[in-house]
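Okay, here's what each chain looks like letter by letter:
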Amino acid sequence: MNIKLKCLSHTPLRGLNDPAPEVTAEVDAVLAHARADVEAFDPELIVIFAPDHYNGLFYDLMPPFVIATAAESVGDYMTLPGPLSVARDLALQMARFILDRDVDISVSHRLQVDHGCTQTLEELTGSLMRYPVIPIIINSVAPPFAPYRRVRRLGEVVGQFIATLDKRVLVVGTGGLSHEPPVPLLDGASDAISEFLICGRNPTPEARAARQERTIAAGKIYGSALSTQTPLNVEWDQAFIDLLLDGRLDTVDDFSIEEISKEAGRSTHEVRTWVAAFAALAAAQGGYSARRDYYRPINEWIAGYGVMSAEPR
Ligand SMILES: O=C(O)CCc1cccc(O)c1O
Ligand SMILES: [Fe+2]
């Protein structure tokens, strides 16, 4: 086995509410570099840890973790619609391996995924079909969540499975860092919003457009006095990146979900995908060496925007 890691923020506001052209150019260059790395590595499998934002998973049955044997992009915001090239049999084998090691995970044989999975796949590979992929969704948006130590444990067993493969494997985490887009909460929601959060699959084009307009409007005022959303938190992001750089993964076991939501925003929990990805790399090969490729707080995108790479030491 040969393994590499990429973790990066996603933001559906890319192209819809852009910051200054120098900033988008900087991010474009970072992403082009990441894509070239992936091209050179030529993975035989991509394991992508991703969140979902009430596009594939709803409160009628909200799983903490899901592995997909087949997946289709809903094509939200500017992302590509259509099927992902999921490695079906390998995904099933991985599900069995995970369950055998005492970590519970749901299996979906037909999962809808959103920008939380597809934007990063597209940015890193140019399409949704380029390489065989196994999507693993970690609930990071719809409380209650499994604790961070459980996410780290999931990553570990996935890494142990990867170690059994005779393949080049790219492990990806997508989301974060600090941010809070206007995603509704079930607690205190109106009847209409509850109905959406419980079973809002396959919205009408009008409903999807309205949702996207709300996100764009929030992006236009994010970080200003007009915004009611928790702002970006550069210190939190820096500390999180540092703990990954230093390989202090076990410190996430003490993370308080409530405190992180308050300090850095509710969607900061998408960093759970980074925790799982780094834990997988660490478990697959012992130590790792990581680098911070990029970080910048970008209000227009509602994103503490970061990119990291890592590989075995
Ligand atoms: O759920 C939605 O539609 C909004 C999602 C969303 C918005 C801004 C930054 C993000 O990272 C993000 O995921
Ligand atoms: Fe997100």
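So, a few notes on the structure that sits alongside this text. (Residues numbered from 1 in each chain as written. Chains lettered and ligands numbered in written order. Predicted model: local features only at pLDDT ≥ 70, side-chain atom pairs only at ≥ 80, totals over all residues.)

What follows deals with the environment of valine 66. With respect to the helices, strands and loops of the structure, valine 66 is situated in strand S3 (residues 65–68). Expressed as a C-alpha distance, the spacing of valine 66 and threonine 11, which sit 55 residues apart in the sequence, is 22 Å. When residues no more than four places from it in sequence are discounted, the contact partners of valine 66 are Leu57, Ile105, Ser106, Ser108, Leu111 and Ile137. (Helix = DSSP H or I, 4+ residues; strand = E, 2+ residues; numbered from the N terminus. Contact = placed C-beta atoms within 7 Å.)

With that settled, consider the site of ligand 1. Surrounding ligand 1, one finds 13 residues, the nearest of these being Thr11, His53, Pro181, Thr215 and Ile302. Each residue belonging to the shell around ligand 1 can be placed in one class, and the counts come to 6 nonpolar, 6 polar and 1 charged. (Near = placed C-beta within 6 Å. Nonpolar A, V, L, I, M, F, W, Y, C, P; charged D, E, K, R; others polar.)

Where burial is concerned, most of strand S11 (residues 303–312) is hidden: 7 out of the 10 residues are buried. Bridge count between strand S1 (residues 2–8) and S11: 4 bridges; the pairing is antiparallel. Its bridge partner being in S11, lysine 6 is matched across the sheet by serine 309. By the bridge criterion, 10 bridges tie strand S10 (residues 288–298) to S11 in an arrangement that is antiparallel. Residue pairing across strands places serine 289 opposite glutamate 311, the latter belonging to S11. Hairpin connection of S10 to S11: 4 residues between the antiparallel strands, including isoleucine 302 at a positive phi of 50°. (Buried ≥ 20, exposed ≤ 12 C-beta atoms within 10 Å, placed from the backbone. Pairing = 2+ DSSP bridges.)

A few words now on unusual backbone geometry. Trans is the common state for peptide bonds, and a negative phi is the common state for residues other than glycine. Cis geometry marks the peptide bond from proline 143 to proline 144; its omega dihedral reads 5°. Position of proline 144 among the secondary structure elements: in the loop between strand S8 (133–138) and helix H4 (148–163). With an omega of -10°, the peptide bond running from glycine 176 to leucine 177 counts as cis. At aspartate 42, a residue that is not glycine, the phi angle is positive and equals roughly 55°. Within the secondary structure, aspartate 42 sits in the loop between helix H1 (21–41) and strand S2 (45–50). Given 9 C-beta atoms within 10 Å, aspartate 42 falls into the exposed group.

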